[in-house]
Amino acid sequence: MSDIVFIERARLPCHIGVTPKERSTAQDILMDVELELDLSAAAATDAIAETVNYSEVWELARACTAEREFRLVETLAHSIGRAIVERFGRVEAATVRVTKPAALASRGAEGAGAQLTVRRSGT
C-alpha cells in the first residue's frame, strides 16, 4: 500500500532512559509516524470519516508517552505503533520513529533513536 498519513517531529515529554536518574525527569522526544491505509475514499469524498484524524493520533501518542516510564525508545515506539493499529481499524501498518535529541548531544549528534513498524497482521 502506498497511501500514507503522517506526523513529523512531534515533540512529546516522556520519562525515558536506561537509568533511574535519566527517567526521573521528563525529557522531550521527537516522534515521526507514518500510517499506511487506503486513502482513496477520503480523496474521493473529502470526508474525515474516511481517513485517520492525525490530531487523534497525536493525542494517542501523547497518552502513550505519559502513561508510564520507558527504558528504551524501541519499547516506546512499539507501544505507540501497537496502540495506533489497535485503535484505528483503517490503519494497516504504523511506522514510528522515536528520537531522543539529548541522547548524544554531548558528542555532537542531533539525536539518537529507533524506528519500527507495527503491522495489523502481527508484530
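Residues numbered from 1 in each chain as written. Predicted model: local features only at pLDDT ≥ 70, side-chain atom pairs only at ≥ 80, totals over all residues. Heavy atoms only, no water.

(A) A look at the overall build of the chain. Counting its regular elements, the chain contains 4 helices and 4 strands. Along the chain, helices (α) and strands (β) appear in the sequence β-α-β-α-α-α-β-β when read from the amino end. Relative to a compact globule of 123 residues, whose C-alpha radius of gyration would be 14 Å, the chain shows 15 Å and is just as compact. Along the first, second and third principal axes, the C-alpha atoms of the chain reach 50 × 25 × 25 Å. Taking all 123 residues of the chain together, the buried fraction comes to 38%. For the chain, the proportion of contacts with a sequence separation of at least 24, taken over those separated by at least 6, is 61%. Treating the 15 positive side-chain charges of the chain as one cloud and the 18 negative ones as another, the clouds have centres 10 Å apart. (Helix = DSSP H or I, 4+ residues; strand = E, 2+ residues; numbered from the N terminus. Rg over C-alpha atoms; globule rule 2.2 N^0.38 Å. Buried < 20%, exposed > 50% of the residue type's maximum accessible area, 1.4 Å probe, protein only. Contact = heavy atoms within 4.5 Å. Lys, Arg positive; Asp, Glu negative; His and termini not counted. Charge placed at Lys NZ, Arg CZ, Asp CG, Glu CD.)

(B) Here's a closer look at the environment of leucine 37. Tracing the chain through its elements places leucine 37 in the loop between strand S2 (27-36) and helix H2 (40-45). Looking at leucine 37, the relative accessible area reads 0%, which means it is buried. Each C-alpha atom of the pair leucine 37 and aspartate 3 lies 5.7 Å from the other, and the pair is 34 residues apart in sequence.

(C) Region of the structure containing the sheet that holds strand S1 (residues 4-14). Here we have 4 strands laid out as an open sheet, ordered S1-S2-S3-S4, and antiparallel in their pairing. For this open sheet the edge positions go to S1 and strand S4 (112-119), each flanked by a neighbour on one side alone. Looking at each pair of strands side by side, their axes are set apart by 15 degrees on average, direction ignored. Bridging between S2 and strand S3 (residues 93-100) involves 7 bridges; their strand directions are antiparallel. (Pairing = 2+ DSSP bridges. Axes fitted to C-alpha atoms, helices over the stretch in contact; angles between N-to-C directions.)

(D) Representation of the nonpolar core. Membership of the largest hydrophobic core comes to 32 residues, with the highest contact counts inside it found for Ile29, Met31, Leu35, Leu76, Ile80 and Ile84. For this core, the secondary-structure elements that each account for two or more residues are S1, S2, helix H3 (54-67), helix H4 (73-87), S3 and S4. Examining the composition of this core, we find that 7 residues originate from one element, H4, more than from any other. (Core = buried A, V, L, I, M, F, W, Y, C linked by side-chain atoms within 4.5 Å.)

(E) Up close: the side chain of serine 79. On the secondary structure map, serine 79 appears in helix H4. Since its relative accessible area comes to 6%, serine 79 is described here as buried. Beyond its immediate chain neighbours, meaning those up to four positions away, serine 79 contacts Cys64, Arg68 and Phe70.

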